[in-house]
Amino acid sequence: MPSFVTQIPPISSSNGTEGNTSQSSRVLNFGAPEQSLEFRAGVYNSTSLTNQAAHSDLQFGIYEKMLQGQNRSNQVSNSGGNREAWLDSNMANGSPHTDTSNEMDADDRIQNYDMDPSDPFIASGSGDRHREKFPEQKTLRRLAQNREAARKSRLRKKAYVQQLENSRLKLTQLEQEVQRARKQGVVISNSGDQSQPNGGNGSLAFVAEYSRWLEEQSKHITELRTAVTAHKSDGELRSLVETAASHFNDIFRLKRTAAKADVFHIIYGMWTSPAERCFMWIGGFRSSELLKLLVSHLEPLTEQQLASIDHLQQTSLQAEEALSQGMDALQQSLAETLASDAPVVPAGSSGMANYMGQMAMAMGKLGSLENFLRQADHLREKTLQQMHTILTTRQSARALLAINDYFSRLRALSTLWLARPQE
Amino acid sequence: MDRVKDLASKKAAVIFTKSSCCMCHSIKALFYELGASPEIHEVDHDADLEWALQRLGCNPALPAVFIGGKYVGSARDIISLHVDESLKQKLIDARAIWF
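If you're wondering where the values come from, they're calculated on a predicted model, not measured in any experiment. (Residues numbered from 1 in each chain as written. Chains lettered and ligands numbered in written order. Predicted model: local features only at pLDDT ≥ 70, side-chain atom pairs only at ≥ 80, totals over all residues. Heavy atoms only, no water.)

**Student:** How should the overall build of chain A be read in this particular structure?
**Tutor:** Within chain A one finds 14 helices and zero strands. For chain A, the N- to C-terminal ordering of α and β elements is α-α-α-α-α-α-α-α-α-α-α-α-α-α. Across the 423 residues that make up chain A, the buried fraction comes to 39%. Of the contacts made within chain A by residues no fewer than 6 positions apart, 71% connect residues no fewer than 24 positions apart. Surface accessibility of chain A: about 24,400 Å² in total, with carbon and sulfur atoms responsible for 55%. (Helix = DSSP H or I, 4+ residues; strand = E, 2+ residues; numbered from the N terminus. Buried < 20%, exposed > 50% of the residue type's maximum accessible area, 1.4 Å probe, protein only. Contact = heavy atoms within 4.5 Å. Areas by Shrake-Rupley, 256 points an atom, 1.4 Å probe, with all protein chains shown as cover.)

Structure (C-alpha cells):
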C-alpha cells in the first residue's frame, strides 16, 4: 500500500489522472466496476475528504472523468501493480501536473483503447511506456501533427489560388470570344447560370434591360437613403419617394413585354438570381410575404396603420391563393390533355389528327400562363400601391429602402453561393 | 345582350366562365374565399353568349363578373377592387355577403 494513502483502501485508476495540486492519491480500481463505483461514492462522501475541501471541486472533476473512462472500457481489468508504481514515482517527484494533465490523460485513455482494449496487459503496458515519456512524447506528436496540418493547408491554398488564376485567364479569353461572336450577330445569353432562354433576342434584351433597371433603381435608392438619413422634410422626401416607387413599378411593364416573347423565362425567374428564384411565386415576390417582412422596418406604426397593414396582408394572401389555385388547375388540365388516350407516336391519319388536336389544346392552355403572370404582377403592383396609401411619406421611404435591401441581400447571397469553392 | 342582362340580374353575384379557362377558376376561388356564392354560367357551348359579352365591352370576355346586375370587370379589375377593399363593399351592398 502506498504510504501516502489514508486509512481508506487504495482504489487504482488506469489513467492516474489525479496528479494535480492535491498530494494525496486517489488510486482507483477499474476491476469489478459496480463495487468500485459504490466504493468511490463512499469514498467521496467520507469524512476524509473534508480535509481536502479546498480541492474537492477539482477532485470531483477528476472523479467524473474517471467515471467516463470507466464507462468506456469495462474490459480493462485491474493491473494495478504497474500503475501504482507509476503513481508512486510521480507523487514522490511531486511533479506538478497541470490542468492539462486531465486532458492529456483522456487522450492517453483513447490511445490505450485503440491499441487493444480487450487485452489489459497490452493496454496497460503501452500506456506505461507512453506515460514514461509523458509529456514530451505527446507534445512532440501534437506539434508534428500541427505542422503537417499547416503544410497541407498551405498546399491546398496554393492549389486553389492556382485554380483561380487559371479560371481568370480562361474567363478573359471567353469574354473576348463572346464579344467577337456578338459582333458577328450570334445571340449569346449572359444570364450567367447556364439557363437557355429560347425566346432568343427577346430574353437577351430583357436581361439587359433588367440590369439597367437594377442600376437605375440603385441610384434612386441611394438618393432616397441620403435624404432619409439627413432627415429631410416630408415635402422633399415625397418627390423622391414617388420617383423611386414609380421606377420600381417599371419592372412590371418590362416583364409584361418580355413575357410575350418568352413567358417561361419570366415566370420561372430565369432572369433573377438563384436565391431570389427560390422564393419566387408566379414570376415574382409574394406581396403578403413582403408586407410581413416590412412591418418591423416601418415602426412606429399607429394602431390604425398596423390593423390596415395586417388586413392588406390578408387580402393579398387571399388573391395569391386564388391565383395559385388557378395555376394548379392549369397544370392539372395540361397534364390531363397530354395524358389522354391519343398515342404519342401517331399512327395513321386519325392518330395524327388526335395528336395534333391534343397539342393544339395544350398550346391553348399554355397561352394562359402569360395571363397568370400578368395578374400576379398586377396584384404585386396594387398591393404596394395600397401600402403606400396607408403609410406616411417617411414610412414609405423606409419601406422602399427595406425592400431594396432585402433583394440586394438575396442577390449578394446568390453571388457568394455561386462563387463558393467546390472540391 | 338581353340574355346577358337577364342572367346577370338574377343573382347578386354572377360570373360568366369557360371550363377551359383557368383564370376563371381563380376568380371563382376568390369569390368563394370571400364567402360569396356566385352564380356561374359556363359559355363553353354558347358562342352567342360569349359574343354578346364581347359586344357589351367585356374585354377580355371571360371571366365576366356582374355584381348587383352591373358589369364589374374581368380578372384584372377584380384584383384591383379586391386589394383596395371595394370588392368586398360591392358584395355587401348587393347582399351577396354580409360581412
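Next comes the rest of the description.
**Student:** Explain the side chain of B:Ser26 here, please?
**Tutor:** Within the element layout of this structure, B:Ser26 appears in helix α2 (residues 22-33). Among the polar contacts made by the side chain of B:Ser26, one reaches the main-chain carbonyl oxygen of A:Ala322 at a distance of 2.8 Å. Setting aside chain neighbours within four positions, we find B:Ser26 in contact with A:Ala322, A:Leu323, A:Gly326 and A:Phe372. (Polar contact = N/O pair within 3.5 Å; in protein donor to acceptor, adjacent residues only side chain to side chain.)

**Student:** Help me out: how do you make sense of the sheet that holds strand β2 (residues 39-42) of chain B in this one?
**Tutor:** Note on sheets: strands pair through backbone hydrogen bonds, and any given pair is parallel or antiparallel. Residue and element names in this part refer to chain B. In space, the four strands of this open sheet follow the order β2-β1-β3-β4, with mixed pairing throughout. Looking along the sheet, the strands with just one partner apiece sit at the ends: β2 and β4 (70-73). On average, each strand axis in the sheet is tilted by 25° relative to the strand beside it, whichever way the strands run. Alignment of strand β1 (residues 13-17) against strand β3 (residues 64-67), held across four bridges, turns out to be antiparallel. Looking at the pairing, Ile15 lines up with Val65 of β3. This element, α2, spans β1, β2 and β3 of the sheet and lies at about 160° to β1. Lying on the sheet, helix α4 (residues 75-83) is in contact with β3 and β4; it crosses β4 at an angle near 85°. (Pairing = 2+ DSSP bridges. Axes fitted to C-alpha atoms, helices over the stretch in contact; angles between N-to-C directions.)

**Student:** What am I meant to see in the pattern of salt bridges here?
**Tutor:** Any two side chains of opposite charge can pair, so long as their charged atoms come close to each other. Residue and element names in this part refer to chain A. For the coordinates displayed, the defined rule picks out 14 salt bridges over all chains. A salt bridge links Arg151 to Glu148; its shortest N-O distance comes to 3.0 Å. Pair noted here: Arg151 and Glu148 are both in helix α6 (residues 136-183), with a separation of three residues, about one helical turn. Residue classification places Glu148 among the partly exposed residues on the basis of a relative accessible area of 32%. Residues Arg253 and Asp250 are paired through a salt bridge, measuring 3.5 Å at the closest nitrogen-oxygen approach. Pair noted here: Arg253 and Asp250 are both in helix α8 (residues 234-261), with a separation of three residues, about one helical turn. Overall, the relative accessible area of 25% leaves Asp250 in the partly exposed class. The network of salt bridges with common partners includes Lys255, Asp377 and Arg380. (Salt bridge = Lys/Arg side-chain N within 4 Å of Asp/Glu carboxyl O.)

**Student:** Which parts of the structure should I look at to understand the interface of chain A and chain B?
**Tutor:** As a measure of interface size, the accessible area lost when the parts come together is often cited. Taken together, the contacts link 21 residues of chain A with 18 residues of chain B. Counting the surface chain A buries against chain B, the share from its top three residues, A:Gln318, A:Gln375 and A:His378, is 27%. The tally of links from chain A across to chain B stands at zero salt bridges. Our count for the contact surface shared by chain A and chain B stands at nine residue pairs in polar contact (both at pLDDT 80 or more). Among the secondary structure elements, those contributing two or more residues to the side of chain A that touches chain B are α12 (303-339) and α13 (348-390) of chain A. With twelve residues, α12(A) is the single largest residue contributor to the side of chain A that touches chain B. Grouping the constituent residues of the side of chain A that touches chain B by class yields eight nonpolar, ten polar and three charged. (Buried area = accessible area lost by both parts, 1.4 Å probe. Nonpolar A, V, L, I, M, F, W, Y, C, P; charged D, E, K, R; others polar.)

**Student:** Can you walk me through the nonpolar core in this structure?
**Tutor:** The tendency in soluble globular proteins is for nonpolar side chains to be buried side by side. Counting residues in hydrophobic clusters, the biggest one holds 66 residues, and the most contacted among them are A:Leu323, A:Met387, B:Phe31, B:Val65, B:Ile78, B:Leu87 and B:Leu91. Membership of the second largest hydrophobic core comes to 15 residues, among which are B:Cys58, B:Ala61, B:Leu62 and B:Phe66. (Core = buried A, V, L, I, M, F, W, Y, C linked by side-chain atoms within 4.5 Å.)

**Student:** In this structure, what is going on with a positive patch on the surface? I would like to understand it.
**Tutor:** Taken together, A:Arg256, A:Lys260, A:Arg374 and B:Arg76 make up a surface patch of like positive charges. Note on placement: B:Arg76 falls in helix α4. (Patch = residues over 30% accessible without salt bridge, like charges linked within 9 Å, V, L, I, M, F, W, Y side chains within 5 Å. Lys, Arg positive; Asp, Glu negative; His and termini not counted. Charge placed at Lys NZ, Arg CZ, Asp CG, Glu CD.)

**Student:** What am I meant to see in α8(A) here?
**Tutor:** Spacing of three or four residues puts side chains on the same side of an α-helix, whose turn is 3.6 residues. Taking 1.5 Å per residue as the helical rise, α8(A) with its 28 residues ought to reach 40 Å, and the 42 Å between its terminal C-alpha atoms agrees with that figure. For α8(A), the complete set of buried residues consists of A:Leu237, A:Val241, A:Ala244, A:Ala245, A:His247, A:Phe248, A:Ile251, A:Phe252, A:Leu254, A:Lys255, A:Ala258 and A:Ala259. (Expected span 1.5 Å × (residues − 1).)

**Student:** Would you mind showing me how to read the environment of A:Met363 here?
**Tutor:** All names here are of chain A. Mapped onto the elements of the fold, Met363 is located in helix α13. Judged by its relative accessible area of 61%, Met363 is exposed. For the pair Met363 and Leu334, spaced 29 residues apart in the sequence, the C-alpha separation amounts to 9.0 Å.

**Student:** Looking at this structure, how should I read the packing of α12(A) against α4(B)?
**Tutor:** Think of two packed helices as two axes; the pair is described by the angle between the axes and how far apart they sit. Interhelical geometry of α12(A) versus α4(B) gives an angle of 155° and a closest axis separation of 9 Å. If you check the angle between α12(A) and α4(B), you find them roughly antiparallel. Remark: the crossing between α12(A) and α4(B) carries right-handed chirality. Mapping the contact onto sequence places A:Leu312, A:Thr315, A:Gln318, A:Ala319 and A:Leu323 in α12(A) and B:Ile79, B:His82 and B:Val83 in α4(B). (Parallel < 35°, antiparallel > 145°, perpendicular 65-115°, else oblique. Left-handed = near helix turned anticlockwise from the far one by under 90°.)

**Student:** Just to check I follow, could you spell out the pairing of β2(B) for this structure?
**Tutor:** The side chains of a regular strand alternate between the sheet's two faces. The pairing of β1(B) with β2(B) spans four bridges and is classified as parallel. Within β2(B), the residue paired with B:Val14 across the bridge is B:Glu39.

**Student:** I'm lost on the packing of helix α11 (residues 287-298) of chain A against α12(A) in this one. Help?
**Tutor:** Residues and elements named next belong to chain A. It is at 8 Å that the axes of α11 and α12 come closest, and there the two elements cross at 160°. The angle between the axes of α11 and α12 places the two elements in the roughly antiparallel class. Where α11 crosses over α12, the handedness of that crossing is left-handed. Touching Ser287, Ser288, Leu291, Lys292 and Val295 of α11 are Leu306, Ile309, Leu312, Gln313, Ser316, Leu317 and Glu320, all from α12. Each residue belonging to the contact of α11 with α12 can be placed in one class, and the counts come to six nonpolar, four polar and two charged.

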